[in-house]
Amino acid sequence: MSSIELTPSQKKILRALTNLHADSEDAIKGEDIAQQVDRNPGTIRNQMQSLKALQLVEGVPGPKGGYKPTAQAYEALGVQQLDEPASVPLAVDGEVVEGVLVEEIDLSSVHHPDLCRAEIHLQGPIGDVGEDDLVRVGPTPLSKLVVEGTVDGKDDTNNILILRIEDMVAPAEEPEH
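Residues numbered from 1 in each chain as written. Predicted model: local features only at pLDDT ≥ 70, side-chain atom pairs only at ≥ 80, totals over all residues. Heavy atoms only, no water.

K.L.:
In this structure, what is going on with the environment of Ile44? I would like to understand it.
P.N.:
Within the secondary structure layout, Ile44 lies in helix H3 (residues 41-53). The buried category is assigned to Ile44, whose relative accessible area is 0%. Placed 15 residues apart in sequence, Ile44 and Lys29 show a C-alpha to C-alpha distance of 9.9 Å. Discounting residues that sit within four places of it in the chain, Ile44 has contacts with Ile13, Gly30, Ile33, Ala34, Val37 and Arg39. (Helix = DSSP H or I, 4+ residues; strand = E, 2+ residues; numbered from the N terminus. Buried < 20%, exposed > 50% of the residue type's maximum accessible area, 1.4 Å probe, protein only. Contact = heavy atoms within 4.5 Å.)

Here it is as structure tokens:
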């Protein structure tokens, strides 16, 4: 597997493209990407040229044109593309967020005596989630793990929420009689 080093700006733009493309199979307009990453459409067009040269993006000409991510785009972002991914709900302040796929829950500071953090790796737009929002992730498909916590930080480039965990439950299976 070849590894492509992307700048944080390229990564953010590519992530926005893959997130928008997940909601719509159509080509994504540069203006829509610009709005998502809070950049000028001209900047997006310039970045798309280098992403096309890296074979991470294909341009679609015409009035319904725009950009589509290639399979290599997902690989470069470390995003697994599953045909039928299991749904793991993400709720912010009690409201389930649509169009967001929980990819990974990484418990980062379990050895700390007073603080436990989790990194929640996501696919989909997380622009509306802010610090101190109450987040609930789960239940996961297999272990029924539910993690609840407060957003401590956010990595927009890699689509990661950092939670200060307040509660974590993985209900034990009932023993068979």
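Moving on from the model shown.
K.L.:
Whenever I open this one, the nonpolar core confuses me. Can you help?
P.N.:
The nonpolar side chains of a soluble globular protein tend to be buried with one another. With 19 residues, the main nonpolar core has Leu90, Val102, Ile120, Leu122, Val135, Val137 and Leu163 as its most contacted residues. Listing elements by their share of this core, those giving two or more residues are strand E3 (90-92), strand E6 (117-123), strand E7 (134-137), strand E8 (146-155) and strand E9 (160-169). Leave out the neighbours within four places in its chain, and Val102 touches Val88, Pro89, Leu90, Ile120, His121, Leu122 and Val137. In terms of nonpolar packing, the next biggest core, distinct from the first, is built from 18 residues, Ile13, Leu20, Tyr67 and Ala73 among them. (Core = buried A, V, L, I, M, F, W, Y, C linked by side-chain atoms within 4.5 Å.)

Remember, this is a structural readout, not a statement about activity or role.
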